[in-house]
Amino acid sequence: MEIPISYYLLLSGILFTIGVVGVLTRRNAIVVFMSIELMLNAVNLTLVAFSKQFNSLDGQIFVFFVMVVAAAEVAVGLALIVAIFRLKQTVSIDKINIMKW
Amino acid sequence: MSLFDVIFYLFAAFTLASAALMVVSKNIVHSAVGLLFSFFGVAGIYVLLAADFLAVVQVLVYVGGILILLLFGVMLTQRITSVDMRTGTLQLVPAILAVAGIFVILFRVIRTTSWNIVPEAEAQFIPTAEKIGYLLMTDFLIPFEIVSVLLLAALIGAAFIARKGT
């Protein structure tokens, strides 16, 4: 392997950190969603890097399952966002406080 | 620095720049485009890591599926009259502190751990699609079936939740 695995891990760590920034600072629920997808991608990258390092395909199988769960998550999450938008006419996560008392 | 290294750095910079664009962009459509290029960059890194099947799945599922779904969400929720385009950054300072903490921890773990606990595999490319298919039908058959049922249930649930007038 020409590039040491720590480089891939560092790339993945930065990508994950960018995703955390998005989740913490953005107010639009859809952008928060995209940031979560970005974090899932970063973790997938780590798994693939380890899969290469250990010369085993188990990590790639795991990534496959993560992708399936991400697809399910995005479908349900967007349905929820659309339903909330229909109810409240907004997707700002500051205004979606109907679960708070 | 070999060509492989150059391509890695190019893809890494491309991915990170697109991800940063996604997070800082005020326009949500620009965010979606940034996410699109970030997904493509990660697919390129997968190719560099000899995961050809996953690179194709990444493009098909993330770019072709998840991103299109997100764009539908954008179009369904961002009417012209909507004023949600603004991006309040209320807790910017605590967010930066928390993120810096996370990054420092990650960086220290990456730097201080000796990762080369297995002798390096010889650098030859073996197509992975056949092996992954074999593994999914043998060792991982039960998780594969469970996750397919999960996906079906999630899609039915999403269609039910998003339906009008329930």
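Because the structure is predicted, anything quoted here is derived from the model rather than measured.

Trainee: A description of the interface of chain A and chain B should follow, citing residues and the corresponding values.
Mentor: Frequently, the measure chosen for interface size is the accessible area that the parts lose on association. Tallying the contact residues gives 72 residues for chain A and 82 residues for chain B. For the pair chain A and chain B, the summed buried surface comes to about 7100 Å²; carbon and sulfur atoms form 76% of the total. When the buried surface of chain A facing chain B is broken down by residue, Arg26(A), Met34(A) and Met67(A) rank first, second and third, together holding 9% of it. One can count zero salt bridges joining chain A with chain B. It is helix H3 (residues 58–88) of chain A that provides the largest number of residues to the side of chain A that touches chain B, a total of 23 residues. Considering only residue class, the side of chain A that touches chain B consists of 48 nonpolar, 15 polar and nine charged.

Trainee: Run through the domain arrangement of chain B, naming residues and quoting values.
Mentor: All names here are of chain B. Annotation of chain B at the domain level lists domain 1 (1–83) and domain 2 (126–166). Distance between the C-alpha centres of domain 1 and domain 2: 22 Å. At the interface, four residues of domain 1 touch four residues of domain 2. For the pair domain 1 and domain 2, the summed buried surface comes to about 310 Å²; carbon and sulfur atoms form 62% of the total. Considering only the surface of domain 1 that becomes buried against domain 2, Ala50, Asp52 and Phe53 emerge as the three largest contributors, covering 91% of it. Our enumeration of links across domain 1 and domain 2 arrives at zero salt bridges. In this structure, the connection of domain 1 to domain 2 is made through one residue pair in polar contact (both at pLDDT 80 or more). Tallied by class, the residues present in the side of domain 1 that touches domain 2 amount to three nonpolar, no polar and one charged.

Trainee: Can you break down the nonpolar core residue by residue, with the values?
Mentor: Within the largest apolar cluster, 53 residues are counted, with the highest numbers of intra-cluster contacts made by Tyr8(A), Met34(A), Leu35(B), Tyr46(B) and Leu70(B). Elements supplying a minimum of two residues to this core: helix H1 (5–25), helix H2 (29–53) and H3 of chain A together with helix H1 (3–24), helix H2 (28–48) and helix H3 (52–77) of chain B. By size, the runner-up hydrophobic cluster in this structure holds 10 residues, among which are Leu57(A), Phe64(A), Phe140(B) and Val147(B).

Definitions and cut-offs
Residues numbered from 1 in each chain as written. Chains lettered and ligands numbered in written order. Predicted model: local features only at pLDDT ≥ 70, side-chain atom pairs only at ≥ 80, totals over all residues. Heavy atoms only, no water. Contact = heavy atoms within 4.5 Å. Buried area = accessible area lost by both parts, 1.4 Å probe. Salt bridge = Lys/Arg side-chain N within 4 Å of Asp/Glu carboxyl O. Helix = DSSP H or I, 4+ residues; strand = E, 2+ residues; numbered from the N terminus. Nonpolar A, V, L, I, M, F, W, Y, C, P; charged D, E, K, R; others polar. Domains from an automatic or database assignment. Polar contact = N/O pair within 3.5 Å; in protein donor to acceptor, adjacent residues only side chain to side chain. Core = buried A, V, L, I, M, F, W, Y, C linked by side-chain atoms within 4.5 Å. Buried < 20%, exposed > 50% of the residue type's maximum accessible area, 1.4 Å probe, protein only.

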